Amino acid sequence: MSFSKLMSWRPQYRSSKYRHVFGKPATKENCYDGVPITRSVHDNHLCTVNPRFIAVITECAGGGAFLVLSINHTGKVDPHHPRVSGHRGNVLDIKWNPFNDFCIASCSEDTTVKIWDIPEHGVLKNITVPRKELQGHSRRVGLIEWHPTANNIIFSTGYDYQVMVWKLDVPEQVIKNPLRSISVHSDVVLSMSFNTDGSRLATSCKDKKIRVFDPRTGTLLQETNCKSHKANKVLFLGNLKMLLSTGNSRWNHRQIALWDQEDLSQPSYSEDLDGSSGVLFPFYDPDTHMLYIAGKGDGNIRYYEISPEKPYVHYLTEYRSFLPQKGMGVMPKRGLDVCSCEIFRFYKLVTIKSLIEPLSMIVPRRSESYQEDIYPMTAGNKPSMTADEWIGGLDKGLSLLIQERLDAKEGNARKESPPTSLLPSTDEKSSSTTYVSNGQLDSMHCSPPKTENELRQMFYKQQEEIRRLKEQLNQKDVRIKQLELEIKNVRNSQANL
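Numbering of residues begins from 1 in every chain and follows the order in which that chain's sequence is written. Reporting of local features is limited, given that this is a predicted model, to residues whose pLDDT is at least 70; pairs of side-chain atoms are given and counted only at 80 or more, and all residues count toward the totals for whole chains, interfaces and linings. Note that the side-chain values use all heavy atoms of the structure and ignore hydrogens as well as water.

### So, the pairing of strand β14 (residues 163–167)
So, step 1. Accessible area is worked out with a 1.4 Å probe on protein chains only. A residue is then buried under 20% of its type maximum, exposed over 50%, and partly exposed in between. Here a strand is any run of E in DSSP of at least two residues, a helix any run of H or I of at least four, and the numbering for each starts at the N terminus. Within β14, five of the five residues are buried, leaving the element largely enclosed by the surrounding structure.
So, step 2. The loop that links strand β13 (residues 153–158) with its antiparallel partner β14 comprises four residues; one of these, Y161, has a positive phi angle of about 70°.
So, step 3. Any two strands with at least two DSSP-identified bridges between them are counted as paired. One ladder, built from three bridges, connects β14 with strand β16 (residues 180–182); its direction is antiparallel. Directly across from V163, in β16, lies its bridge partner I182.

Below you can see the structure in the form of structure tokens.
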């Protein structure tokens, strides 16, 4: 090849603000040490996190239990720490209510799903009586999933191959009849995932098929019949109208595959990763469009950026560690430390050391000021609708949280520095957290600000309102110009006639 041709060649670099994201594990003092993590072989996350608590399924004799710790309760955990222990069989899955940081659901081998209230100051004594008990499955219940936008709606699936829909805002303490029982699976369901507004539910099954159906009616909409990819876990990719599945190829290599949610006949993209045997857990961040792939029994976490155009999946790099993870918890975006440019946080369950290790994904920035470009509005902790509205056929998008500049540890705005957390205030008397639902600002309280913190929050809300109104004006100006042009064209065509 001539020198001139060599000089004319240019590598095709893809610009991305997340190209240099790196994983930062917590120090020993900021880990949770001495946690008796369950030895169950069930391929679930085994851990769930919110901005106040971390819950993990534990090993125990006689029945099933899980541990709930304050998010700041790091260091050595008391081996006799009180637990939530009302199940008669091993606990298989736990999930925090996305709209209530003090409510958690669990399911078990005893065929029940139970809803628990956690005291504001944490679990100070063993909790054995749930707020609600859901009895409907005939065999052990392996998975639960809260509806992403409707309040008091939860889904469960078990080894009876049924997916059951439950409404919780009923007077009965023991609920024996689900709203609906969906029978579209021929084997055990391995994972469930909702799209953004909760109008579609995707499942992966032990028969290696992916199914998409209407969660309200149970109508099957799509089903894979692809021999080249055996799906194990499935995930909706935000508003991209795509599904991501992890599983195995025909040659038993671990594989990821991307699907069009309207056409599951063949994957749009697939990639073999390696020949290991552990299940691959996918995690997707719709705010940054980043995909994280963590293998059970692996120490590394691969991460990618997803785009709506080909080639869809762009490999960034991987975090490597010698500590293998058995399960993973993920902190909601409203609980991250925005002062350190943290965009994602895992909680790795390291069974061999009885350790839970927080792992922060950081965007390196030289400036210590608030980086607005990497923190768009994110999912808040306010439901978009009631259970009855959803049952009646209504679909609404997520209520988005304007990222208040609040301190992660104290829950108050710093007087000098930018935000350190997306966690909204929970003091009902003084909180003025603002949400955006369907483009409308909805303030929880409209009373005049009484403190400097409230005044600062009010200022941010007004800034956001001004920005939104400016956008609406610009859109209307564009629309007016389009209509004027259309009228002019119509008049010209009439004059020519």
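Let's pick the thread back up.
### What about the sheet that holds strand β18 (residues 201–205)?
So, step 1. What the four strands build is an open sheet, ordered β17-β18-β19-β20; its pairing is antiparallel. The two strands at the open ends of the sheet, each matched to only one other strand, are β17 (189–194) and β20 (220–223). Ignoring strand direction, the axes of neighbouring strands in this sheet form an average angle of 20°.
So, step 2. Summarising the sheet, strand β19 (residues 210–213) and β20 pair through three bridges and their orientation is antiparallel. The partner of F213 across the bridge, within β20, is L220. Orientation is described by lines fitted to C-alpha atoms, with helices fitted over the stretch in contact, and by angles between N-to-C directions that extend from 0 to 180 degrees.

### Remarks on the pattern of salt bridges
So, step 1. Take a side-chain nitrogen of Lys or Arg and a carboxyl oxygen of Asp or Glu: if they are within 4 Å of each other, that pair is a salt bridge. A full pass over the atoms with the stated rule returns 25 salt bridges.
So, step 2. Across the pair D93 and K95 runs a salt bridge, and its minimum N-O distance is 3.5 Å.
So, step 3. By relative accessible area, D93 is classed as buried at 3%.
So, step 4. Residue K95 is classed as buried on the basis of its relative accessible area of 17%.
So, step 5. The closest approach of N and O atoms between D287 and K333, which form a salt bridge, is 3.2 Å. On the criterion of sequence distance, the pair formed by D287 in the loop between β25 (280–285) and β26 (290–295) and K333 in the loop between β29 (327–330) and β30 (342–350) is long-range, its members being 46 residues apart. The residues D287 and K333 share a single accessibility class, namely buried.
So, step 6. It is possible to trace a salt-bridge network through shared partners that takes in D207, K209, R211 and E223.

### As for the packing of aromatic side chains
So, step 1. Aromatic contacts are taken between Phe, Tyr and Trp rings whose centres are within 6.5 Å, Trp giving its six-membered ring; a plane angle under 30 degrees counts as stacked, one over 60 as edge-to-face, and the others as tilted. Per the stated rule, a full pass over the model turns up 13 aromatic pairs.
So, step 2. Between Y292 and Y303, the aromatic rings sit 5.8 Å apart at their centres with planes inclined by 40°, giving tilted as the arrangement. Taken together, the residues span a long stretch of sequence, with Y292 in strand β26 and Y303 in strand β27 (residues 301–306) at a distance of 11 residues. Here the two residues Y292 and Y303 agree in accessibility, since each one is buried.
So, step 3. Judged by centre distance (5.4 Å) and plane angle (65°), the ring pair of Y304 and Y315 falls under edge-to-face.

### Thoughts on the nonpolar core
So, step 1. By size, the foremost hydrophobic cluster in this structure holds 31 residues, and its most contacted members are Y32, I54, F66, V68, I118 and Y347.
So, step 2. Looking at this core, the elements that each hand over two or more residues are β3 (47–49), β4 (53–58), β5 (64–70), β8 (91–96) and β30.
So, step 3. The element that contributes the greatest number of residues to this core is β4, accounting for five residues.
So, step 4. Contacts between residues were defined by any pair of non-hydrogen atoms, one from each residue, lying within 4.5 Å. Apart from residues no more than four positions distant in its own chain, Y347 is found in contact with Y32, C47, V49, I54, I71, G327, M328, G329, M331, I356, E357 and P358.
So, step 5. Among the nonpolar cores identified, the runner-up in size contains 24 residues, and F283, Y319, V338 and C341 belong to it. We define the nonpolar core as a collection of buried residues of types Ala, Val, Leu, Ile, Met, Phe, Trp, Tyr and Cys that are connected through side-chain atoms lying within 4.5 Å of one another.

### Digging into the sheet that holds strand β7 (residues 84–87)
So, step 1. On the basis of which strands lie adjacent, the open sheet formed by four strands has the order β3-β4-β5-β7 and antiparallel pairing. Edge strands, defined here as strands with exactly one partner in the open sheet, are β3 and β7. Here the strands of the sheet are splayed against their neighbours by 20° on average, with no regard to which way each runs.
So, step 2. Judged from the six bridges that link them, β4 and β5 form a sheet pairing that is antiparallel. What sits directly across from T58, in β5, is A65.

### Describing unusual backbone geometry
So, step 1. Of note, the bond from K310 into P311 is cis; its omega dihedral lies within 30 degrees of zero at 5°.
So, step 2. The topology assignment puts P311 in the loop between β27 and β28 (313–319).
So, step 3. The backbone of N152 sits at a positive phi, close to 60°, despite the residue not being glycine.
So, step 4. Here N152 is to be found in the loop between β12 (141–146) and β13.
So, step 5. Residue N152 is classed as buried on the basis of its relative accessible area of 18%.
So, step 6. Phi angles above zero are rare outside glycine, and K208 is one such case at about 75°.
So, step 7. With respect to the helices and strands, the residue K208 is situated in the loop between β18 and β19.
So, step 8. Taking relative accessible area as the criterion, K208 reaches 32% and is therefore assigned partly exposed.

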